[in-house]
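# Structural overview
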Amino acid sequence: MDFTLLIIGADANAYYMARCYHEKYNKKAYLIAKNPIWFNSLSKIVINKYYENIWDEQEFLKILDEFYLEHKDEKILLVSSTENYIELISKNREYLENKFYFNYPDKEIIDSLINKEEFYKRYMNNGIIDLPKTIYYDLRHNEQLNIDFSYPVIVKPANVVMYRHMDFIGKNKIYKVETEEELIKIIDNIRLGGYRDTLIIQEYIEGDDSSLFDSVIYASKDKKVKRITLAQIGLQEHTKELVGNAAVLINGYNEFNNSEEIIEKVRLLSEKIGITGFAEFDLKYDKKDNKFKLLEINPRQGRSSYYLTPAGCNLIEILYKDLILKEELNYEVLQKQVLLSFVPKKIIKNYIVNDKFRKKALSLYKNHVNPIDYKKDKNLKRDYLLYKKNKRYYSDYKNAYWKNK
């Protein structure tokens, strides 16, 4: 093993990539980000450094140059945990690829996945996987609302990067809207909050959280998928900031019994688009027509994608084998059943409404994995904050604005 890992970002995604590196190679990863988050800053397996202006493109490149000069005799694997940094890496591909090893799609593909208006318009009629009915409402114009499907509807920003950096009263990551009157009020509030781009208004696919599925692919630079998963989600996060992120999932489990078909469709669509590296496909099973509907694609590993490692594919090892060792990788479906849970066992008992999924999750809980709770990364303060985070889940779900139904 002869490489150094540099992670850009400071969220749970960033931490578990460092964990994957430590689990496999027993080495500390370097992490650079804008602000500290405790599960990284208090970690013994991460070397942290923070830069106030890292989101500025020229400052970003300067920071990477400084790191390269400090480690120029090493092979440096570059991994991002957020779309912001992935865009900057891909945009400056020619400048960076002689210094770092990384695997991200071309910027045009990244932009088509990150901007949700472009995503739905470009891939709505992809011929492989269905998407929910969708309309686009531009807040830069005073448009007439014209919805040709029934309520409830889902509302979310098309420009997630712009929206992420905004702060206003009543801001939600995703809105579930029951009536036109409520929709108008929400649109007005988002406009007053300063958002000036398109909103996605979409049909709501009925079903509790266990209708949601997560599929993660890894594609080599020739755009061929080499690893793929399918995991049923039993519970998503229910806070305004994190709704849409899986809190409990089981890889290799699907109570609807058509895994092979949707796995093959995800592979075909990934290769049709030309994705490289990791990507996360968010899906929902629609019981009205017994089809999986594609909600979005993230051009990176997701917040919960750590489960690939216990399922047989260490996320850092496969990058190392593909990019540095240049090994030939075979195609593999990761079928091992793995329970990933950010939440305590009692939350699973109380808030997963699907009886079949809940029983399955509880039967696997003894060997579950939590991406940010690593037995080789223990200290009193970090353990105490993990304990407090687990306790906070009880109030998060009790007082949740998003209901599991």
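Our subject is the structure that appears above.
Since we're looking at a predicted model, the values are computed, not measured.

Following the sequence through the fold, Asn84 ends up in helix α4 (residues 83-91). Given a relative accessible area of 14%, Asn84 falls into the buried group.

All right, on to the packing of α4 against helix α6 (residues 107-114) then. Between α4 and α6, whose axes approach to 9 Å, the crossing angle comes to 160°. The angle between the axes of α4 and α6 places the two elements in the roughly antiparallel class. Relative to α6, the crossing made by α4 is left-handed. Of the residues in α6, those in contact with Glu83, Ile86, Glu87, Ser90 and Lys91 of α4 are Lys107, Ile110, Asp111 and Ile114.

This part takes up the side chain of Asn40. With respect to the helices and strands, Asn40 occurs in helix α2 (residues 38-41). Separated by 2.8 Å, the side chain of Asn40 and the backbone oxygen of Ala10 make a polar contact. Those residues in contact with Asn40 that lie beyond four places of it in its chain are Ala10, Asp11, Ala14, Tyr15, Leu31, Val46 and Asn48.

Another aspect to go through is the sheet that holds strand β2 (residues 29-33). Pairing within the open sheet is parallel, and its four strands lie in the order β3-β2-β1-β4. With partners counted over all chains shown, the strands left at the sheet margins are β3 (46-50) and β4 (75-80), one partner each. Averaged over neighbouring strand pairs, the angle between their axes works out to 25° when direction is ignored. The sheet contact formed by strand β1 (residues 3-8) and β2 spans three bridges and is parallel. In the strand pairing of β2, Leu6 is matched with Tyr30. Across the sheet, helix α1 (residues 12-25) lies against β1, β2, β3 and β4, angled at about 165° from β1, the strand it touches most.

Residue Pro152 follows Tyr151 across a cis peptide bond; omega there is 0°. Its place among the elements puts Pro152 in the loop between β5 (134-138) and β6 (153-157).

Our next topic: α6. Residues Ile109, Ile110, Ser112, Leu113 and Ile114 constitute the buried set of α6. Packed against the buried residues of α6 are α4, α7 (116-123), α8 (160-164), α10 (259-273) and β14 (291-298).

The next point concerns the pairing of β4. Counting buried positions over the six residues of β4 gives five, a clear majority of the element. In terms of strand pairing, β1 meets β4 through six bridges, oriented parallel. Of the residues in β4, the one forming a bridge with Ile8 is Ser80.

This part covers helix α11 (residues 315-324). For α11, the tally of buried residues reaches nine of ten residues, placing the bulk of the element in the interior. Taken together, the buried positions of α11 are occupied by Leu315, Ile316, Glu317, Ile318, Leu319, Tyr320, Asp322, Leu323 and Ile324. The distance from a side-chain oxygen at the start of α11 to the backbone nitrogen of Ile316 is 3.0 Å, and the residue carrying that oxygen is Asn314. Directly after α11, the chain includes Lys326, whose backbone phi takes a positive value near 55°.

If you trace the four strands from one edge of the open sheet to the other, you get β5-β8-β6-β7, paired in antiparallel fashion. Each edge of the open sheet carries a strand with a single partner, namely β5 and β7 (175-177). Within the sheet, the average angular offset between the axes of one strand and its neighbour, ignoring direction, is 25°. Bridge count for β5 against strand β8 (residues 198-203) is five bridges, and the pairing is antiparallel. The residue bridging Ile135 from the neighbouring strand is Ile201, located in β8. Contacts from α7 reach β5, β6 and β8, with the element oriented near 50° to β8.

This brings us to the pattern of salt bridges. Per the stated rule, a full pass over the model turns up 31 salt bridges. Between Lys107 and Asp111 there is a salt bridge, and its shortest N-O distance comes to 2.7 Å. Placement of the pair is Lys107 and Asp111 together in helix α6, with a separation of four residues, close to one helical turn. Ionic pairing is found between Lys321 and Glu317, a salt bridge with its closest N-O pair at 3.4 Å. Of the two residues, Lys321 and Glu317 both sit in helix α11, four residues apart, roughly one turn of that helix. Using a relative accessible area of 17% as the deciding quantity, one classes Glu317 as buried. When salt bridges with common partners are traced through the structure, they connect Asp286, Lys288, Asp289 and Lys293 into a single cluster.

A few words on the state of the cysteines. One pass over the full model with this rule turns up zero disulfides. The cysteine Cys20 is free of any disulfide, with Cys313 supplying the nearest cysteine sulfur at 8.9 Å.

What counts and what doesn't
- Residues numbered from 1 in each chain as written.
- Predicted model: local features only at pLDDT ≥ 70, side-chain atom pairs only at ≥ 80, totals over all residues.
- Heavy atoms only, no water.
- Helix = DSSP H or I, 4+ residues; strand = E, 2+ residues; numbered from the N terminus.
- Buried < 20%, exposed > 50% of the residue type's maximum accessible area, 1.4 Å probe, protein only.
- Axes fitted to C-alpha atoms, helices over the stretch in contact; angles between N-to-C directions.
- Parallel < 35°, antiparallel > 145°, perpendicular 65-115°, else oblique.
- Left-handed = near helix turned anticlockwise from the far one by under 90°.
- Contact = heavy atoms within 4.5 Å.
- Polar contact = N/O pair within 3.5 Å; in protein donor to acceptor, adjacent residues only side chain to side chain.
- Pairing = 2+ DSSP bridges.
- Salt bridge = Lys/Arg side-chain N within 4 Å of Asp/Glu carboxyl O.
- Disulfide = S-S within 2.5 Å.

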